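So the chains spell out like this:
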Amino acid sequence: AGYSMTTGSDNLIMGNEAGYNITTESNNVCLGVSAGYKNTASNNMFIGANAGYNNTTGANNMFIGNSAGYTNITGDSNIYMGNASGYYSTSGYQNVCIGDIAGHKITTGFNNLLMGNQAGYNITTQTDNVCIGNQAGYNTTADDNIFIGPNAGKNNTTGTVNLYLGKNAGLNATGGSDNIAIGQDAGQNLTTGTNNIFIGNSAGYTSSQSENNYNLA
């Protein structure tokens, strides 16, 4: 632990090869086998085997969980908590990913809030998404969406500026944009429709390619 340390100060390093490359840096916590192994920055917290393993100059990060933020290199101000959460992040910043493999494929994306097992799993370079709930926004590769609830917006890929609230809300929506679906199963089968508002359990359940509809269940 702390093998290369020279004049660094206020570091807490525990675990085989944890903080291996830290030299003059300060205020780091590296706990776990190879946690923060390549780190050469200050003000990071890496807890878990291989957490923040490849981080070099990224600062002000908190990675907690086995291999959390594993490939992060220069990304700043990220919070990745959960097994392999934010695993592929490289230079993404100001992301919060909490849950097992939440935000797993983020690379350069920023300003995303992903909470729940596999939430926002396929987000890579995208920004400004909120996915809260198990597999919420799982397949999304678009920007500016809010998906809250288990499986909400799960299959969205290119759709932007959508608001899906409730279990399975907008579940099968893929490319539709500017939609609002609030309630369990609301807008569940919407695919490419745009500018729709569905409010209530199962509201707009059978709508697929609809546009400019208002449905109150």
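Quick summary incoming for the structure in this document. The shown structure was predicted, so the numbers you read here are calculated from the model rather than taken from an experiment. (Residues numbered from 1 in each chain as written. Predicted model: local features only at pLDDT ≥ 70, side-chain atom pairs only at ≥ 80, totals over all residues. Heavy atoms only, no water.)

### With respect to the packing of aromatic side chains
- A complete count under the given rule lists ten aromatic pairs for this structure.
- Seen in terms of ring centroids, Tyr87 and Tyr88 are 4.7 Å apart; in terms of plane orientation they differ by 70°. Their pairing is edge-to-face.
- On the basis of relative accessibility, which here comes to 39%, the residue Tyr88 falls in the partly exposed class.
- One aromatic cluster is present, built from ring pairs that chain together Tyr20, Tyr37, Tyr53, Tyr70, Tyr87 and Tyr88. (Phe/Tyr/Trp six-rings, centres within 6.5 Å; stacked < 30°, edge-to-face > 60°. Buried < 20%, exposed > 50% of the residue type's maximum accessible area, 1.4 Å probe, protein only.)

### Section: the environment of Phe46
- Relative to the helices and strands, Phe46 resides in strand E3 (residues 45-47).
- Phe46 sits 158 residues away from Gly204 along the chain, and the two C-alpha atoms are 45 Å apart.
- If sequence neighbours within four positions are ignored, Phe46 has contacts with Val29, Cys30, Leu31, Ala35, Gly36, Asn39, Ala51, Gly52, Asn55, Asn61 and Phe63. (Helix = DSSP H or I, 4+ residues; strand = E, 2+ residues; numbered from the N terminus. Contact = heavy atoms within 4.5 Å.)

### Some words on the environment of Val96
- Of note, Val96 is situated in strand E6 (residues 96-98).
- Taking the relative accessible area as the measure of exposure, Val96 reaches 23% and is therefore partly exposed.
- Distance in space between the C-alpha atoms of Val96 and Gly86 is 8.7 Å, their sequence separation being ten residues.

### With respect to unusual backbone geometry
- Positive phi, close to 55°, is recorded for Asp10, a residue that is not glycine.
- Using a relative accessible area of 62% as the deciding quantity, one classes Asp10 as exposed.
- Even without being glycine, Asn168 reaches a positive phi, approximately 65°.
- Tracing the chain through its elements places Asn168 in the loop between strand E10 (163-165) and strand E11 (180-182).

### Considerations on the side chain of Ser177
- Tracing the sequence through the fold places Ser177 in the loop between E10 and E11.
- When its relative accessible area of 13% is taken as the criterion, Ser177 is described as buried.
- The residues touching Ser177, leaving out its near neighbours within four places in the chain, are Gly159, Thr160, Val161, Asn162, Gly193, Thr194 and Asn195.

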